[in-house]
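Residue-level structure breakdown
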Amino acid sequence: MRTAYYISDGTAITSEVFGHALLSLFPTEFNHITIPFVETSEHAERVNKKIAETFSESGERPLVFYTIVNSQVREIVSNSVGINYNFLDQFVAPLEKIIGIPAKPEKHRTHSIHEKTYDIRIEAVNYALANDDGANTDNYHDADIILVGVSRSGKTPTSLYLALQYGIKAANYPFTEEDMGDMLKLPPKLRRFKQKLFGLTINPERLHQIRSERRANSKYASMRQCRMELREVDNLYRRESIPFLNSTRYSIEEISAKILAETGLQRKKY
(Lines give C-alpha, C1' and ligand atoms only; values in the text may rest on other atoms or scores of the structure.)
Protein backbone atom coordinates (compact mmCIF):
# COMPACT_ATOMS: atom_id res chain seq x y z
CA MET A 1 0.00 0.00 0.00
CA ARG A 2 1.44 3.36 -1.01
CA THR A 3 1.78 6.01 1.70
CA ALA A 4 0.61 9.61 1.30
CA TYR A 5 2.08 12.33 3.52
CA TYR A 6 0.33 15.67 4.20
CA ILE A 7 2.83 18.20 5.55
CA SER A 8 2.55 21.85 6.54
CA ASP A 9 4.01 24.49 8.82
CA GLY A 10 0.39 25.12 9.83
CA THR A 11 -2.47 22.74 10.57
CA ALA A 12 -2.00 20.74 7.32
CA ILE A 13 -5.73 20.96 6.64
CA THR A 14 -5.15 22.52 3.21
CA SER A 15 -2.73 19.84 2.07
CA GLU A 16 -5.08 17.16 3.41
CA VAL A 17 -8.08 18.55 1.56
CA PHE A 18 -6.23 18.87 -1.75
CA GLY A 19 -4.46 15.54 -1.36
CA HIS A 20 -7.55 13.59 -0.35
CA ALA A 21 -9.51 15.10 -3.23
CA LEU A 22 -6.87 13.97 -5.71
CA LEU A 23 -6.38 10.49 -4.27
CA SER A 24 -10.14 9.87 -4.10
CA LEU A 25 -10.04 9.69 -7.89
CA PHE A 26 -8.05 6.47 -7.73
CA PRO A 27 -9.76 3.17 -6.77
CA THR A 28 -7.06 1.95 -4.41
CA GLU A 29 -6.13 2.16 -0.74
CA PHE A 30 -3.56 4.59 0.69
CA ASN A 31 -1.86 4.85 4.06
CA HIS A 32 -2.42 8.47 5.12
CA ILE A 33 0.02 10.30 7.42
CA THR A 34 -0.48 13.96 8.40
CA ILE A 35 2.36 16.00 9.91
CA PRO A 36 1.37 19.56 10.89
CA PHE A 37 3.46 22.44 12.28
CA VAL A 38 6.77 21.59 10.62
CA GLU A 39 8.23 24.98 11.50
CA THR A 40 11.99 24.39 11.79
CA SER A 41 14.73 22.97 9.59
CA GLU A 42 15.41 20.30 12.23
CA HIS A 43 11.79 19.18 12.15
CA ALA A 44 11.84 19.14 8.34
CA GLU A 45 14.92 16.92 8.38
CA ARG A 46 13.18 14.50 10.74
CA VAL A 47 10.18 14.43 8.40
CA ASN A 48 12.44 13.63 5.45
CA LYS A 49 14.01 10.81 7.46
CA LYS A 50 10.54 9.38 8.17
CA ILE A 51 9.64 9.58 4.48
CA ALA A 52 12.90 7.79 3.59
CA GLU A 53 12.14 5.05 6.13
CA THR A 54 8.70 4.55 4.61
CA PHE A 55 10.29 4.25 1.15
CA SER A 56 12.82 1.74 2.45
CA GLU A 57 10.16 -0.40 4.14
CA SER A 58 7.61 -0.39 1.31
CA GLY A 59 9.79 -0.11 -1.77
CA GLU A 60 7.43 2.59 -3.12
CA ARG A 61 8.17 6.30 -3.03
CA PRO A 62 5.59 7.99 -0.80
CA LEU A 63 3.38 10.76 -2.19
CA VAL A 64 4.15 14.00 -0.35
CA PHE A 65 1.59 16.82 -0.44
CA TYR A 66 2.77 19.96 1.29
CA THR A 67 1.93 23.62 1.83
CA ILE A 68 4.84 25.35 3.56
CA VAL A 69 5.37 29.11 3.74
CA ASN A 70 8.88 29.14 5.26
CA SER A 71 11.23 28.95 2.26
CA GLN A 72 14.02 27.14 4.11
CA VAL A 73 11.70 24.47 5.50
CA ARG A 74 9.97 24.17 2.14
CA GLU A 75 13.29 23.61 0.37
CA ILE A 76 14.20 20.76 2.73
CA VAL A 77 10.87 18.97 2.34
CA SER A 78 10.95 19.43 -1.45
CA ASN A 79 14.16 17.36 -1.51
CA SER A 80 12.66 14.33 0.23
CA VAL A 81 12.83 10.96 -1.52
CA GLY A 82 9.08 11.06 -1.95
CA ILE A 83 7.13 12.23 -4.99
CA ASN A 84 6.59 15.81 -3.90
CA TYR A 85 3.67 18.12 -4.69
CA ASN A 86 3.64 21.74 -3.52
CA PHE A 87 0.05 22.88 -4.10
CA LEU A 88 0.73 26.58 -3.62
CA ASP A 89 3.26 26.67 -6.46
CA GLN A 90 0.57 25.62 -8.90
CA PHE A 91 -1.67 28.60 -8.16
CA VAL A 92 0.38 31.52 -6.84
CA ALA A 93 2.00 32.70 -10.08
CA PRO A 94 -1.24 32.73 -12.14
CA LEU A 95 -3.07 34.52 -9.31
CA GLU A 96 -0.33 37.15 -9.04
CA LYS A 97 -0.96 38.00 -12.70
CA ILE A 98 -4.72 38.13 -12.29
CA ILE A 99 -4.78 40.09 -9.02
CA GLY A 100 -1.91 42.35 -10.06
CA ILE A 101 0.13 42.21 -6.85
CA PRO A 102 2.86 39.81 -5.69
CA ALA A 103 2.03 37.23 -3.06
CA LYS A 104 3.50 37.80 0.40
CA PRO A 105 3.33 34.44 2.20
CA GLU A 106 2.80 34.71 5.94
CA LYS A 107 2.56 31.72 8.26
CA HIS A 108 -0.84 31.12 9.90
CA ARG A 109 -2.49 33.94 7.91
CA THR A 110 -5.34 31.60 6.98
CA HIS A 111 -6.38 31.57 10.64
CA SER A 112 -7.19 35.28 10.51
CA ILE A 113 -9.45 34.71 7.51
CA HIS A 114 -11.69 32.50 9.63
CA GLU A 115 -11.34 34.50 12.85
CA LYS A 116 -14.46 36.57 12.16
CA THR A 117 -16.60 33.45 11.85
CA TYR A 118 -15.25 31.72 14.96
CA ASP A 119 -17.82 33.15 17.39
CA ILE A 120 -20.61 32.43 14.91
CA ARG A 121 -19.58 28.79 14.62
CA ILE A 122 -19.22 28.32 18.38
CA GLU A 123 -22.65 29.85 18.94
CA ALA A 124 -24.09 27.51 16.29
CA VAL A 125 -22.47 24.48 17.97
CA ASN A 126 -23.94 25.48 21.33
CA TYR A 127 -27.33 25.85 19.65
CA ALA A 128 -27.07 22.40 18.04
CA LEU A 129 -26.19 20.80 21.38
CA ALA A 130 -29.00 22.58 23.23
CA ASN A 131 -31.56 21.62 20.57
CA ASP A 132 -30.45 18.05 19.89
CA ASP A 133 -32.89 15.17 19.64
CA GLY A 134 -36.01 17.29 20.20
CA ALA A 135 -34.78 18.29 23.65
CA ASN A 136 -35.91 21.90 23.36
CA THR A 137 -38.47 22.86 20.73
CA ASP A 138 -39.01 26.33 22.20
CA ASN A 139 -35.98 27.72 20.32
CA TYR A 140 -36.95 26.57 16.84
CA HIS A 141 -37.69 30.14 15.77
CA ASP A 142 -33.90 30.73 15.96
CA ALA A 143 -33.05 27.71 13.81
CA ASP A 144 -31.71 28.05 10.28
CA ILE A 145 -32.78 24.45 9.63
CA ILE A 146 -34.49 21.65 11.55
CA LEU A 147 -33.42 18.13 10.64
CA VAL A 148 -36.06 15.45 11.14
CA GLY A 149 -36.00 11.67 10.80
CA VAL A 150 -36.14 8.40 12.68
CA SER A 151 -33.67 7.64 15.44
CA ARG A 152 -30.10 6.92 14.20
CA SER A 153 -30.55 8.35 10.71
CA GLY A 154 -27.68 10.83 11.06
CA LYS A 155 -29.40 13.94 12.43
CA THR A 156 -27.11 14.75 15.35
CA PRO A 157 -23.70 14.49 13.62
CA THR A 158 -25.05 16.40 10.62
CA SER A 159 -26.40 19.16 12.88
CA LEU A 160 -23.04 19.51 14.60
CA TYR A 161 -21.11 19.48 11.33
CA LEU A 162 -23.34 22.19 9.84
CA ALA A 163 -22.71 24.27 12.96
CA LEU A 164 -18.97 23.74 13.26
CA GLN A 165 -18.16 24.00 9.57
CA TYR A 166 -20.71 26.52 8.33
CA GLY A 167 -22.00 28.39 11.39
CA ILE A 168 -25.54 27.17 10.67
CA LYS A 169 -27.93 26.78 13.60
CA ALA A 170 -29.35 23.30 13.10
CA ALA A 171 -31.86 21.77 15.48
CA ASN A 172 -32.99 18.18 15.08
CA TYR A 173 -36.15 16.31 15.97
CA PRO A 174 -36.55 12.50 16.10
CA PHE A 175 -39.70 10.72 15.01
CA THR A 176 -40.10 8.09 17.73
CA GLU A 177 -42.22 4.98 18.02
CA GLU A 178 -44.81 7.08 19.87
CA ASP A 179 -45.12 9.35 16.82
CA MET A 180 -45.87 6.41 14.51
CA GLY A 181 -49.49 6.24 15.62
CA ASP A 182 -50.26 9.62 14.08
CA MET A 183 -47.98 10.09 11.07
CA LEU A 184 -50.72 11.39 8.77
CA LYS A 185 -49.68 14.91 9.73
CA LEU A 186 -46.76 16.78 11.24
CA PRO A 187 -46.60 17.10 15.03
CA PRO A 188 -47.97 20.55 16.06
CA LYS A 189 -44.56 21.63 17.42
CA LEU A 190 -43.08 21.18 13.91
CA ARG A 191 -45.93 22.40 11.71
CA ARG A 192 -45.37 26.09 12.35
CA PHE A 193 -41.74 25.64 11.28
CA LYS A 194 -42.47 23.51 8.23
CA GLN A 195 -40.45 25.78 5.94
CA LYS A 196 -37.33 25.01 8.01
CA LEU A 197 -37.68 21.22 7.96
CA PHE A 198 -35.32 18.91 6.11
CA GLY A 199 -35.74 15.15 6.35
CA LEU A 200 -33.15 12.40 6.58
CA THR A 201 -33.90 8.80 5.77
CA ILE A 202 -31.78 5.68 5.53
CA ASN A 203 -31.97 2.17 4.12
CA PRO A 204 -33.67 -0.23 6.58
CA GLU A 205 -30.78 -2.70 6.44
CA ARG A 206 -28.31 -0.02 7.48
CA LEU A 207 -30.64 1.29 10.18
CA HIS A 208 -31.07 -2.24 11.54
CA GLN A 209 -27.27 -2.63 11.68
CA ILE A 210 -26.73 0.69 13.49
CA ARG A 211 -29.51 0.10 16.01
CA SER A 212 -28.34 -3.46 16.67
CA GLU A 213 -24.97 -2.11 17.72
CA ARG A 214 -26.79 0.07 20.23
CA ARG A 215 -29.54 -2.27 21.42
CA ALA A 216 -29.08 -5.79 20.09
CA ASN A 217 -32.13 -8.07 19.84
CA SER A 218 -34.56 -5.31 20.80
CA LYS A 219 -37.82 -4.29 19.14
CA TYR A 220 -36.17 -0.92 18.49
CA ALA A 221 -33.48 -2.60 16.38
CA SER A 222 -35.65 -5.21 14.66
CA MET A 223 -35.85 -5.15 10.88
CA ARG A 224 -39.64 -5.02 11.08
CA GLN A 225 -39.56 -1.92 13.29
CA CYS A 226 -36.96 -0.22 11.09
CA ARG A 227 -38.98 -0.87 7.94
CA MET A 228 -42.20 0.35 9.52
CA GLU A 229 -40.73 3.58 10.88
CA LEU A 230 -38.97 4.43 7.63
CA ARG A 231 -42.07 3.72 5.56
CA GLU A 232 -44.22 5.99 7.74
CA VAL A 233 -41.68 8.81 7.80
CA ASP A 234 -40.92 8.65 4.06
CA ASN A 235 -44.65 8.83 3.35
CA LEU A 236 -44.89 11.87 5.63
CA TYR A 237 -42.08 13.63 3.78
CA ARG A 238 -43.84 13.14 0.46
CA ARG A 239 -47.30 14.02 1.78
CA GLU A 240 -46.06 17.23 3.41
CA SER A 241 -43.62 18.08 0.57
CA ILE A 242 -40.65 18.10 2.97
CA PRO A 243 -37.31 17.87 1.13
CA PHE A 244 -35.34 14.82 2.25
CA LEU A 245 -32.17 12.85 1.59
CA ASN A 246 -31.23 9.20 1.97
CA SER A 247 -28.06 9.30 4.10
CA THR A 248 -27.06 5.64 3.68
CA ARG A 249 -24.12 5.97 1.31
CA TYR A 250 -22.97 9.48 2.17
CA SER A 251 -20.46 10.83 4.66
CA ILE A 252 -21.50 13.59 7.07
CA GLU A 253 -19.57 16.05 4.91
CA GLU A 254 -21.47 14.96 1.80
CA ILE A 255 -24.85 15.00 3.58
CA SER A 256 -24.19 18.55 4.78
CA ALA A 257 -23.08 19.76 1.36
CA LYS A 258 -26.17 18.25 -0.27
CA ILE A 259 -28.43 19.89 2.32
CA LEU A 260 -26.84 23.28 1.60
CA ALA A 261 -27.26 22.78 -2.14
CA GLU A 262 -30.90 21.75 -1.73
CA THR A 263 -31.91 24.49 0.71
CA GLY A 264 -29.75 27.38 -0.50
CA LEU A 265 -28.34 27.96 3.00
CA GLN A 266 -24.96 29.71 2.98
CA ARG A 267 -21.95 29.64 5.26
CA LYS A 268 -22.34 32.28 8.00
CA LYS A 269 -19.55 34.85 7.75
CA TYR A 270 -20.50 37.83 9.90
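These lines cover the structure that appears in this document, whether it is placed above or below. Remember, predicted model here, so these are calculated numbers, not experimental data. Within every chain, residues take consecutive numbers counted from 1 along the sequence as written. Per-residue local features are limited, in this predicted model, to residues with pLDDT of at least 70; the limit for side-chain atom pairs, both in listing and counting, is 80 or more; totals at the level of whole chains, interfaces and linings are taken over all residues. Each side-chain value is derived from all of the structure's non-hydrogen atoms; neither hydrogens nor water enter the calculation.

1. Some words on the sheet that holds strand β2 (residues 30-35)
Across the sheet, which stays open at both edges, the four strands sit in the order β2-β1-β3-β4 with parallel pairing between neighbours. Across the chains shown, the open sheet's two edge strands, defined by having one partner strand only, are β2 and β4 (83-86). Neighbour to neighbour, the strand axes of the sheet diverge by 20° on average, direction disregarded. Any two residues whose heavy atoms approach within 4.5 Å are treated as being in contact. An axis is simply a line fitted to the C-alpha atoms; with a helix, the fit covers only the stretch in contact. Between two such axes, the angle follows the N-to-C directions and lies from 0 to 180 degrees. A helix here means a DSSP run of H or I that spans at least four residues, while a strand means a run of E at least two residues long, and both kinds are numbered starting from the N terminus. Its contacts with the sheet place helix α1 (residues 13-23) against β1 (2-8), β2 and β3 (63-67), and it is angled at close to 140° to β3. Across the sheet, helix α4 (residues 87-99) is in contact with β3 and β4; its angle to β4 comes to roughly 35°. Pairing between strands is defined by DSSP: at least two bridges between the two strands are required.

2. Digging into the packing of helix α8 (residues 204-214) against helix α9 (residues 223-240)
Here α8 crosses α9 at 125°, and the two axes come no closer than 9 Å. Judged by the angle between their axes, α8 and α9 are oblique. Two packed elements cross with a definite hand, and for α8 against α9 that hand is right-handed. Contacts from P204, E205, L207, H208 and R211 in α8 reach M223, Q225, C226, R227, E229 and L230 in α9. Any angle from 65 to 115 degrees is called roughly perpendicular, while one under 35 is roughly parallel, one over 145 is roughly antiparallel, and all others are oblique. Note on convention: the crossing is left-handed when the near helix lies turned anticlockwise from the far helix by less than a right angle, right-handed when the turn is clockwise.

3. Comments concerning a nonpolar patch on the surface
In this analysis, a patch consists of residues with relative accessible area above 30% that form no salt bridge, clustered at 9 Å for like charges and at 5 Å for the nonpolar side chains Val, Leu, Ile, Met, Phe, Trp and Tyr. For every accessible area listed, the method is Shrake-Rupley and the probe measures 1.4 Å; residues are considered covered only by the protein chains on display. The term salt bridge refers to a side-chain nitrogen of Lys or Arg lying within 4 Å of a carboxyl oxygen of Asp or Glu. Residues F18, F91, L95, I98, I99 and I101 make up a contiguous nonpolar surface patch of roughly 620 Å² in combined accessible area. Of all the elements, α4 adds the most residues to the nonpolar patch, at four residues. Residue position: I101 is located in the loop between α4 and α5 (109-130). When accessible area is computed with a 1.4 Å probe and restricted to protein chains, residues below 20% of their type maximum are described as buried, those above 50% as exposed, and intermediate ones as partly exposed. Taking relative accessible area as the criterion, I101 reaches 54% and is therefore assigned exposed.

4. Points about the packing of helix α6 (residues 155-166) against helix α10 (residues 252-263)
It is the contact of α6 with α10, at a shortest axis distance of 9 Å, that shows an interaxial angle of 75°. As the angle between them shows, α6 and α10 are arranged roughly perpendicular. When α6 is examined against α10, the residues P157, T158, Y161, L162 and Y166 are found in contact with a partner set consisting of I252, E253, I255, S256, I259 and L260. Residues are sorted three ways: Asp, Glu, Lys and Arg are charged, Ala, Val, Leu, Ile, Met, Phe, Trp, Tyr, Cys and Pro are nonpolar, and all the rest, Gly among them, are polar. Per-class residue counts for the contact of α6 with α10 are eight nonpolar, two polar and one charged.

5. Some remarks on the pattern of salt bridges
Tallying each qualifying case throughout the model produces seven salt bridges. R2 serves as the salt-bridge partner of E60, at 3.6 Å between the closest nitrogen and oxygen. Of this pair, E60 sits in the loop between α2 (41-58) and β3 while R2 sits in strand β1; the two residues are 58 residues apart in sequence, bridging distant segments of the chain. Of the residues examined, E60 reaches a relative accessible area of 33% and is grouped as partly exposed.

6. Comments concerning the sheet that holds strand β7 (residues 197-201)
The strand order across the open sheet formed by four strands is β6-β5-β7-β8, and the pairing between neighbours is parallel. Pairing within the sheet leaves two strands with one partner each, and these edge strands are β6 (170-175) and β8 (244-246). If you compare each strand with its neighbour and ignore which way they point, the axes differ by 25° on average. As defined by bridge partners, strand β5 (residues 145-150) adjoins β7 across three bridges and the pair is classed as parallel. Counterpart to V148 in the pairing with β7 is G199. Helix-sheet contacts for α6 involve β5, β6 and β7, and the interaxial angle to β6 is about 175°. Relative to the sheet, α10 contacts β5, β7 and β8, its axis offset from that of β7 by approximately 140°.

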